[in-house]
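Report on the structure
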Amino acid sequence: MSFFQKLKEGLSKTKKSFVSAVDSLFSSFTRVDEDMLEELEELLIMADTGAVGAEEIIDTLRTRLKERRITDPAMARDVLKEILVERIGEGEELHLGTKPSVILVIGVNGVGKTTSVAKIAGLLKREGKRVILAAADTFRAGAIDQLAVWADRVGVELIRHEEGSDPASVVFDAASAARSRGADVLIVDTAGRLHNKKNLMDELAKIDRVLTRELPGADRETLLVLDSTTGQNAVNQAKEFSQSAPITGLVMTKLDGTAKGGIVFSVKKELNIPVKFIGVGEKIDDLEHFDAVQFVDALFE
């Protein structure tokens, strides 16, 4: 099964609640009018695009329909899709031009962070890259063992220390291994939650210093993993983490578990951080580079 098919199936809950309602709305009107646009705005809000985001989408839709003299609901549906693609923006490629490059993965516990690390490793390996993982989430019981199982399944090397050890020391050893073994990418799994924001900032800053010292000039991505099923709470998490780290991209997980896939639009609107990966399942190949056109097509087909 292609990833597009998986994406279509994974977005079925959102399609059932949002797109089906949109199609029903459009088919119940013979021409576009303000009543239809108001109802459409309510549907967008219910899909978790956010109230402000929904209003902006409708304002843009209203303007374009007027400019193009469109009154046919079927044609208006296509314009809506066009606007939604623009709202998310084109998926940005990972910037991994150096050898090695670094991907730092952050996010609270329970969002699928560690499995996302493994899935990204698997994806990059399938693209021909040599990947090393660093188990720097040393605070959570079982996190290291969980990543070890995934690393073995994917077939990539893992640098690990004992639970409770200094995460920065794990990163130091992993950076040395990546450099000496000719790895293309070092992926660092970080602690999902520390005692408070200051602890988080201090830990990330310490890891940053080690990477800067050991791999000077290496390209670096900092990816924040968000659980799509948490809706607007994911936006709040992103805001919190953006104060602690320079986030370069988002990984949206569990899109198959929510009827509010509109959160992808909301997060992009609120933070202006590109979505770089989306996940729609538990299998190793159920995560893929994000493509806005593909995402919206999967929603509406």
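To be clear, the structure that these remarks concern was listed above.
One structure accompanies this document, and this report is about it. From a predicted model like this one, the values you see are computed outputs, not experimental measurements.

**Some remarks on the pairing of strand S5 (residues 220-227)**
One face of the sheet, then the other: side chains in a regular strand alternate in exactly this way. Most of S5 is tucked away, with seven of its eight residues classed as buried. Summarising the sheet, strand S1 (residues 101-106) and S5 pair through five bridges and their orientation is parallel. Counted as the bridge partner of Val-105 is Leu-223 from S5. Two strands pair when backbone bridges link them, and S5 and strand S6 (residues 249-253) are joined in this way by five bridges, in the parallel orientation. Bridge pairing in S6 links Leu-226 to Met-252. Handedness of the crossover is the feature at issue here: the chain leaves S5, passes through helix H10 (residues 232-242), returns alongside S6, and the resulting connection is right-handed.

**Focus on the nonpolar core**
Grouped together as the largest cluster of nonpolar side chains are 107 residues, with contacts concentrated most on Ile-103, Leu-186, Ile-187 and Phe-295. If sequence neighbours within four positions are ignored, Ile-103 has contacts with Leu-94, Leu-96, Ile-120, Leu-124, Val-185, Leu-186, Ile-187, Val-188, Glu-221 and Leu-223.

**Looking at the side chain of Lys-276**
Structurally, Lys-276 is set in strand S7 (residues 275-279). For Lys-276, a relative accessible area of 2% gives the class buried. Polar contacts involving the side chain of Lys-276 include one to the main-chain carbonyl oxygen of Glu-93, which spans 3.4 Å.

**As for the packing of helix H4 (residues 51-67) against helix H5 (residues 73-88)**
Relative orientation of the contacting elements H4 and H5 amounts to 130 degrees, with a least axis distance of 10 Å. Between H4 and H5, the angle is such that the two are oblique. Note on packing geometry: the crossing formed by H4 with H5 is right-handed. Facing Gly-53, Glu-56, Ile-57, Thr-60, Leu-61, Arg-64 and Leu-65 of H4, the residues of H5 in contact are Ala-76, Val-79, Leu-80, Glu-82, Ile-83, Leu-84, Glu-86 and Arg-87. When its residues are assigned to classes, the contact of H4 with H5 shows eight nonpolar, two polar and five charged.

**As for the side chain of Asp-189**
Its place among the elements puts Asp-189 in strand S4 (residues 185-189). Asp-189 gets classed as buried once you look at its relative accessible area, which sits at 1%. Of the polar contacts made by the side chain of Asp-189, one reaches the side chain of Thr-114; its length is 3.0 Å. Every residue in contact with Asp-189, bar those within four places of it in the chain, is listed here: Val-105, Lys-113, Thr-114, Val-117, Ala-134, Ala-135, Ala-136, Asp-137 and Leu-147.

**Section: the sheet that holds S7**
An order of S3-S2-S4-S1-S5-S6-S7-S8 is seen for the eight strands of this open sheet, with the pairing classed as mixed. Looking at the sheet topology across the chains shown, the edges are occupied by strand S3 (157-159) and strand S8 (287-289). When the angles between neighbouring strand axes are averaged without regard to direction, this sheet yields 25 degrees. Across the face of the sheet, helix H7 (residues 143-154) comes into contact with strand S2 (131-135), S3 and S4 while running at roughly 165 degrees to S2. Running at roughly 170 degrees to S2, helix H8 (residues 167-180) makes contact with S2, S3 and S4 of the sheet.

Here is what the cut-offs are and how they apply
Residues numbered from 1 in each chain as written. Predicted model: local features only at pLDDT ≥ 70, side-chain atom pairs only at ≥ 80, totals over all residues. Heavy atoms only, no water. Buried < 20%, exposed > 50% of the residue type's maximum accessible area, 1.4 Å probe, protein only. Helix = DSSP H or I, 4+ residues; strand = E, 2+ residues; numbered from the N terminus. Pairing = 2+ DSSP bridges. Right-handed = clockwise from strand over helix to strand, strands pointing away. Core = buried A, V, L, I, M, F, W, Y, C linked by side-chain atoms within 4.5 Å. Contact = heavy atoms within 4.5 Å. Polar contact = N/O pair within 3.5 Å; in protein donor to acceptor, adjacent residues only side chain to side chain. Axes fitted to C-alpha atoms, helices over the stretch in contact; angles between N-to-C directions. Parallel < 35°, antiparallel > 145°, perpendicular 65-115°, else oblique. Left-handed = near helix turned anticlockwise from the far one by under 90°. Nonpolar A, V, L, I, M, F, W, Y, C, P; charged D, E, K, R; others polar.

Shape is all these values report; function is a separate question.
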